[in-house]
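Overview (structure and organization)
Listed below, chain by chain, are the residues.
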Amino acid sequence: MSKVLLLSHGDLAREIWATSNMVLGEMSGVEYLTLPLGTDLNRYEQDIRRKIEEAEDGLLILTDIFGGTPFITASRVFASLEDKDRVEIVTGMNLAMAIQVFNFVGNMPVKELKKIAVTAGTEGIVDLKERI
């Protein structure tokens, strides 16, 4: 079913992918694009567009921060799509969110993956003193 694409400044997306592989084992349906300093932004946008086209059953895009270049570029590509129902974008990516989503990638529609991402990302932030 759906796939996941991680986007971030620097190597964060690759490191979240690598750490998730360490925790969950080898995953399928999950890819990443890094954005090193000096990247050609037109090429970066084309790469995102290609990943969306390759994900015929839907794509959840997780980006590092709202308003950052990965988010803005993905949003620009999203705005140009004819079929916006196949793509969801969630920002504020963190490891808890990614691992929870990766447990379900390929087994549910992109809209359901988005709900899992938002819930896991939010619930993954815990203040220990408030919890105990």
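Residues numbered from 1 in each chain as written. Predicted model: local features only at pLDDT ≥ 70, side-chain atom pairs only at ≥ 80, totals over all residues. Heavy atoms only, no water.

Going by an unreviewed UniProt entry, the chain carries the name PTS sugar transporter subunit IIA and comes from Lacrimispora sp. BS-2. As recorded by UniProt, the Subcellular location (unreviewed entry) comment attached to the chain reads in full: "Cytoplasm". (UniProt positions renumbered as here; feature names shortened; annotations may be inferred.)

We now examine the pattern of salt bridges. Going through the model one piece at a time under the given rule, you end up with 11 salt bridges. Between R14 and D11 there is a salt bridge, with its nearest N and O atoms 2.5 Å apart. A residue is classified by how much of its surface remains accessible, and R14, at 29% relative accessible area, is partly exposed. The class of D11 is partly exposed, set by a relative accessible area of 37%. One salt bridge in this structure joins K115 and E112, with 3.4 Å as the shortest N-O distance. (Salt bridge = Lys/Arg side-chain N within 4 Å of Asp/Glu carboxyl O. Buried < 20%, exposed > 50% of the residue type's maximum accessible area, 1.4 Å probe, protein only.)

What follows covers the pairing of strand 4 (residues 87-91). Taken residue by residue, a regular strand's side chains alternate between the two faces of the sheet. Relative to strand 4, strand 3 (residues 59-63) runs parallel, the two being bridged by 5 bridges. In the strand pairing of strand 4, T63 is matched with T91. What joins strand 3 to strand 4 is helix 3 (residues 69-80), and the crossover it makes is right-handed. (Pairing = 2+ DSSP bridges. Helix = DSSP H or I, 4+ residues; strand = E, 2+ residues; numbered from the N terminus. Right-handed = clockwise from strand over helix to strand, strands pointing away.)

Our next topic: the UniProt feature "domain: PTS EIIA type-4" (unreviewed entry) in the chain. Within this numbering scheme, the UniProt entry marks residues 1-125 as carrying the feature "domain: PTS EIIA type-4" (unreviewed entry). Secondary structure over residues 1-125 splits into 49% helix and 18% strand, and the C-alpha atoms at its two ends are 28 Å apart.

Turning our attention to the packing of helix 2 (residues 41-54) against helix 3. With their axes 10 Å apart at the nearest point, helix 2 and helix 3 run at an angle of 55° to one another. For the element pair helix 2 / helix 3, the angle class is oblique. Considering only the axes of helix 2 and helix 3, their crossing is right-handed. Together, L41, Y44, E45, I48, R49 and I52 of helix 2 and T69, P70, T73, A74, R76, V77 and S80 of helix 3 make up the contact between the two elements. Looking at the contact of helix 2 with helix 3, its residues break down into 7 nonpolar, 3 polar and 3 charged. (Axes fitted to C-alpha atoms, helices over the stretch in contact; angles between N-to-C directions. Parallel < 35°, antiparallel > 145°, perpendicular 65-115°, else oblique. Left-handed = near helix turned anticlockwise from the far one by under 90°. Contact = heavy atoms within 4.5 Å. Nonpolar A, V, L, I, M, F, W, Y, C, P; charged D, E, K, R; others polar.)

Below, the discussion takes up the sheet that holds strand 4. Read across the open sheet, the 4 strands follow the order 2-1-3-4; overall the sheet is parallel. Of all the strands in the sheet, the pair left with one neighbour each is strand 2 (30-35) and strand 4. For this sheet, the mean inter-axis angle between neighbouring strands, taken without regard to orientation, is 20°. Relative to strand 3, strand 1 (residues 3-9) runs parallel, the two sharing 5 bridges. Pairing of V4 across the sheet is with L60, part of strand 3. The sheet contacts of helix 3 involve strand 1, strand 2, strand 3 and strand 4, and relative to strand 4 the element is tilted by about 160°.

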